[in-house]
Amino acid sequence: MNEYPELKLYIGGSWRTTAETLPVVNPANEAVIGQIPVADTEALDDALAAAATGFETWRTTSPGDRADLIRSAASLLRARQDEIAHSITLEHGKPFEQARAEVIRGAEFLEWDAGEATRTYGRVIPSGPGIRHIVHHQPIGPVAAFSPWNFPLSQPARKVAGALAAGCSLVLKAAEETPAGALHIAEAFHDSGLPAGVLNLVFGVPADISQRLISSDAIRMVAFTGSTAVGRHLTGLASDHMTTVLMELGGHAPVIVCEDTDVDAAAESSAIRAMRNAGQVCTSPTRFFVHESVFEQFLEGITRRSAATVVGDGMEPGVEMGPLANDRRLAAVVELIADATDAGGEVTTGGGRIGTTGYFHEPTVLANVPEHARIMQEEPFGPVAIVNPVDSLDTAIERANSVPYGLAAYGFTNRADYIDRMVDRVEAGNLSINTLEASLPETPFGGVKSSGYGREGGTEGLHHYLAVKSVSHSTTTA
Ligand code: NAD
């Protein structure tokens, strides 16, 4: 298996190193595995100029040709899945098989949006004789995109997919902690023959890069996935320039477990999902509101399965959960759990760090956590499930809606009236019943409230990358 790749910037179709670098750390053993080049002002300005030139080329490339090229890059990612998954496990810590599944998911995002590239239909508005009103959807322009570290490949793939399918160029700043996923995407597009400047990849100091890119006149849209705090900051920068934004921000997903459900099955799948990616997923099921008549049974089931999670280095076979991706996350999770227990919450399994080297944390279940504990309002973004009893569906919905977030939400029930009530009243961009899958390439994904706005995926996925132009055409000169 290849070693961790040499990290470079990709600007105007060329690879670039820089004098200044920052270390990339393997979270399983804290070893330095690579160095990211830090983009300086000159490199960023080159990337902006390249994106402006690239846009002129790409916007005039036919949608069919754009789709072919995106599919070609997706095929390369599929072909290179083992090598890429290896890099992801080293830099992020997730188990190798989950890293490989992520590469496939990234390819699927690209393939879905490639298809959508050829379906950005406009419309003809009925009009009187001698005049036609036609609505066109045109690429909005160069995009500044920012992707996070929790899914090093599929997160940047989703941004690249939407922008390129719509006919936009982009400057992508991928996460500094996990740069290899985005690097592999840039390589796949480079090797597929993407024209120079259409996709540019930079790393460095996030605040410096976002400031420089977003304040540039070249940038017409900002796409970000990450925390609500940073999303709010970037939205502020963009608003100074009236630049449109797509924001995929935090979540703190409620799971409503009703008394009629298959409690053991719900508990088992909930434990697996809550610990997936060490809980570092914006759609992670985190706040469980369980009907009091099945509370003990559910708590016992989720505790047992969570405790059985095999934790270790993601390169080891059979490991289900790796370390947290960075030391900030480990410290944050430890702090939130301490606050929850101080407030009166009970730990039914886990509760602490594992070892002293690597950012491992035990899969943790908390029960009966008071609403005023910080963890009931702040997303844990770690391997923590909070299980609280409720006396009715109405109480559960009220509690579900009691946070600023509204990204994913889940329900376990077979009662049509319960499902109806959840569909009407749960505040979320994505509601899943009897499944903990919240996002697929073909379904629109995004939040309400402080979870952001705009959607990625589905037929809605390209909307933000397109500007509407209404053209009125008279057959005579008035
Ligand atoms: P953070 O808020 O410091 O950073 C979040 C992301 O934003 C990182 O990728 C970071 O590189 C980027 N970032 C930070 N400041 C930036 C700036 N000024 N300009 C551009 N990008 C910037 O937090 P963190 O410790 O890295 O992550 C923890 C929190 O982030 C979690 O609690 C979670 O809410 C959130 N997060 C969400 C997602 C998601 O998928 N929605 C993914 C990763 C992290």
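What you see is a predicted model, and the numbers here were worked out from it, not measured in a lab.

1. Considering the domain arrangement of the protein chain
Here's step 1: Annotation of the protein chain at the domain level lists domain 1 (9-249 + 451-470) and domain 2 (253-440).
Here's step 2: Distance from the C-alpha centre of domain 1 to the C-alpha centre of domain 2: 30 Å.
Here's step 3: Every contact between the two is made by 24 residues of domain 1 and, on the other side, 33 residues of domain 2.
Here's step 4: Carbon and sulfur atoms supply 52% of the area that domain 1 and domain 2 bury against each other, a total of about 2300 Å² over both sides.

2. Overview of the pattern of salt bridges
Here's step 1: Inspection of every chain in the model, using the stated rule, returns 26 salt bridges.
Here's step 2: Glu 176 is the salt-bridge partner of Lys 173, the closest N and O atoms lying 2.9 Å from each other.
Here's step 3: For the salt bridge of Glu 427 with Lys 449, the shortest nitrogen-to-oxygen distance reads 2.6 Å. In this pair, Glu 427 sits in the loop between helix H13 (416-425) and strand E19 (430-433) while Lys 449 sits in strand E20 (residues 448-449), placing the two residues 22 residues apart along the sequence.
Here's step 4: Glu 427 sits in the partly exposed class, given a relative accessible area of 36%.
Here's step 5: Look at Lys 449 and you get partly exposed, because its relative accessible area is 37%.
Here's step 6: When salt bridges with common partners are traced through the structure, they connect Asp 82, Glu 97 and Arg 100 into a single cluster.

3. Considering the site of the ligand
Here's step 1: In the vicinity of the ligand lie 24 residues, with Trp 149, Ser 210, Ser 227, Arg 328 and Glu 379 positioned nearest.
Here's step 2: With respect to the ligand, the side chain of Ser 210 contributes an N or O atom lying 2.8 Å from a nitrogen atom.
Here's step 3: With respect to the ligand, the backbone of Gly 226 contributes an N or O atom lying 3.5 Å from a nitrogen atom.
Here's step 4: When the free accessible area of the ligand is taken as 800 Å², the share hidden by the protein chains comes to 85%.
Here's step 5: For the shell around the ligand, the elements supplying multiple residues, two or more each, are helix H7 (206-214), strand E10 (221-225), helix H8 (228-239) and helix H11 (327-342).
Here's step 6: Across the shell around the ligand, the residue classes tally to eleven nonpolar, seven polar and six charged.
Here's step 7: Split by domain, the shell around the ligand shows at least three residues from each of two domains, domain 1 (9-249 + 451-470) and domain 2 (253-440).

4. A word on the sheet that holds strand E6 (residues 131-139)
Here's step 1: Read across the open sheet, the three strands follow the order E5-E6-E22; overall the sheet is antiparallel. The sheet is open, and its two borders are formed by strand E5 (123-125) and strand E22 (466-474), each paired with just one other strand. This sheet shows a mean twist of 25° between the axes of neighbouring strands, independent of strand direction.
Here's step 2: Pairing of E6 with E22 involves nine bridges; the strand directions are antiparallel. Within E22, the position partnered with Gln 138 by the bridge is Ala 467.

5. So, the pairing of strand E15 (residues 364-367)
As a general feature of sheets, a regular strand has side chains that alternate between the two faces.
Here's step 1: Neither face of E15 is exposed, since Thr 364 and Leu 366 on one face and Val 365 and Ala 367 on the opposite face are all buried.
Here's step 2: Where strand E14 (residues 346-349) meets E15, three bridges bridge the pair, whose relative direction is antiparallel. Paired with Thr 349 across the two strands is Val 365, which belongs to E15.
Here's step 3: Both E15 and strand E16 (residues 384-390) contribute to a ladder of four bridges, which runs parallel. In the sheet register, Leu 366 faces E16, and the bridge partner there is Ile 386.

6. Notes on the packing of aromatic side chains
Here's step 1: Counted according to the given criterion, the structure contains three aromatic pairs.
Here's step 2: An angle of 35° between the planes, with centres 4.4 Å apart, marks the rings of Tyr 10 and Trp 15 as tilted.
Here's step 3: Judged by relative accessible area, Tyr 10 falls into the buried class, the value being 2%.
Here's step 4: When the ring centre of Phe 109 is taken as reference, the NZ or CZ atom of Arg 158 above it lies at 4.0 Å.
Here's step 5: One Lys or Arg, Arg 415, reaches over the ring of Tyr 418 and ends 3.9 Å from the middle of that ring.

7. Some thoughts on the packing of helix H2 (residues 63-79) against helix H4 (residues 96-117)
Here's step 1: Relative orientation of the contacting elements H2 and H4 amounts to 170°, with a least axis distance of 8 Å. Comparing the axis directions of H2 and H4 gives the class roughly antiparallel. Taking contact as the criterion, the partners of Pro 63, Ala 67, Ile 70, Arg 71, Ala 74, Leu 77 and Arg 78 in H2 are, on H4, Val 103, Ile 104, Ala 107, Glu 108, Leu 110, Glu 111, Ala 114, Gly 115 and Ala 117.
Here's step 2: Grouping the constituent residues of the contact of H2 with H4 by class yields eleven nonpolar, one polar and four charged.

8. Some words on unusual backbone geometry
Here's step 1: A positive phi angle, close to 65°, is found at Glu 30, a residue other than glycine.
Here's step 2: Position of Glu 30 among the secondary structure elements: in the loop between strand E3 (21-25) and strand E4 (32-37).

Thresholds, definitions, all that
- Residues numbered from 1 in each chain as written.
- Predicted model: local features only at pLDDT ≥ 70, side-chain atom pairs only at ≥ 80, totals over all residues.
- Heavy atoms only, no water.
- Domains from an automatic or database assignment.
- Contact = heavy atoms within 4.5 Å.
- Buried area = accessible area lost by both parts, 1.4 Å probe.
- Salt bridge = Lys/Arg side-chain N within 4 Å of Asp/Glu carboxyl O.
- Helix = DSSP H or I, 4+ residues; strand = E, 2+ residues; numbered from the N terminus.
- Buried < 20%, exposed > 50% of the residue type's maximum accessible area, 1.4 Å probe, protein only.
- Near = heavy atom within 4 Å.
- Polar contact = N/O pair within 3.5 Å; in protein donor to acceptor, adjacent residues only side chain to side chain.
- Areas by Shrake-Rupley, 256 points an atom, 1.4 Å probe, with all protein chains shown as cover.
- Nonpolar A, V, L, I, M, F, W, Y, C, P; charged D, E, K, R; others polar.
- Pairing = 2+ DSSP bridges.
- Axes fitted to C-alpha atoms, helices over the stretch in contact; angles between N-to-C directions.
- Phe/Tyr/Trp six-rings, centres within 6.5 Å; stacked < 30°, edge-to-face > 60°.
- Lys NZ or Arg CZ within 6 Å of the ring centre and 35° of its normal.
- Parallel < 35°, antiparallel > 145°, perpendicular 65-115°, else oblique.

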